[in-house]
Amino acid sequence: TGHGGDEFLKFQDSEEISSQDIAGAFEQMRLKGRYNEIFFAVDTCQASTLAKHFASPGVLALGSSVRNENSYSHHADDLLGTAVIDRF
């Protein structure tokens with residue numbers, strides 16, 4: 001699990017990836033013929049900002065929240081130890 005912010009995503013509060021990093025990876029994949037289409041879905045706070053720098057063709061992005069908007073978990077499963085349903 002992680003947290004989202006304006007154009008970044010954090011993993012376990014220790015690692016971070018930016019919109020530019022993801023866009024660069026998609027462009028490298030495109031140049032090497034590694035995909036036909038990509039569906040990139042993100043469910044974090046400010047999720048849609050991760051797609052800001054996407055320019056490669058064939059990439060469709062969906063975010064559960066816009067800039068300055070939070071994304072809240074709706075229900076947690078104690079057995080799994082994580083949220084299993086979000087309000088979308």
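Structure first, text after, so check above.
Residues numbered from 1 in each chain as written. Predicted model: local features only at pLDDT ≥ 70, side-chain atom pairs only at ≥ 80, totals over all residues. Heavy atoms only, no water.

## Overview of the packing of aromatic side chains
Worth spelling out the cut-off: Side-chain rings of Phe, Tyr and Trp (the six-membered ring for Trp) are treated as a pair once their centres are within 6.5 Å; stacked means planes under 30 degrees apart, edge-to-face means over 60, and tilted covers the remaining angles. Working definition: helices are DSSP H or I runs of at least four residues, strands are E runs of at least two. Numbering for both runs from the N terminus. Buried, partly exposed and exposed residues are distinguished by accessible area as a fraction of the type maximum, computed with a 1.4 Å probe on protein chains only: under 20%, between the cut-offs, and over 50%, respectively.
A full pass over the atoms with the stated rule returns three aromatic pairs. Residues phenylalanine 26 and phenylalanine 40 carry aromatic rings whose centres are separated by 5.7 Å and whose planes lie at 80 degrees to one another, so their mutual orientation is edge-to-face. Highlighted residues: phenylalanine 26 in helix α1 (residues 19-31) and phenylalanine 40 in strand β4 (residues 38-42), separated in sequence by 14 residues. Seen from their ring centres, phenylalanine 26 and phenylalanine 54 are 5.1 Å apart, and the 75 degrees between their planes marks the pair as edge-to-face. Here phenylalanine 54 lies in the loop between β4 and β5 (59-63) and phenylalanine 26 lies in helix α1, a separation of 28 residues in the sequence. Of the two residues examined, phenylalanine 26 and phenylalanine 54, each falls in the buried class.

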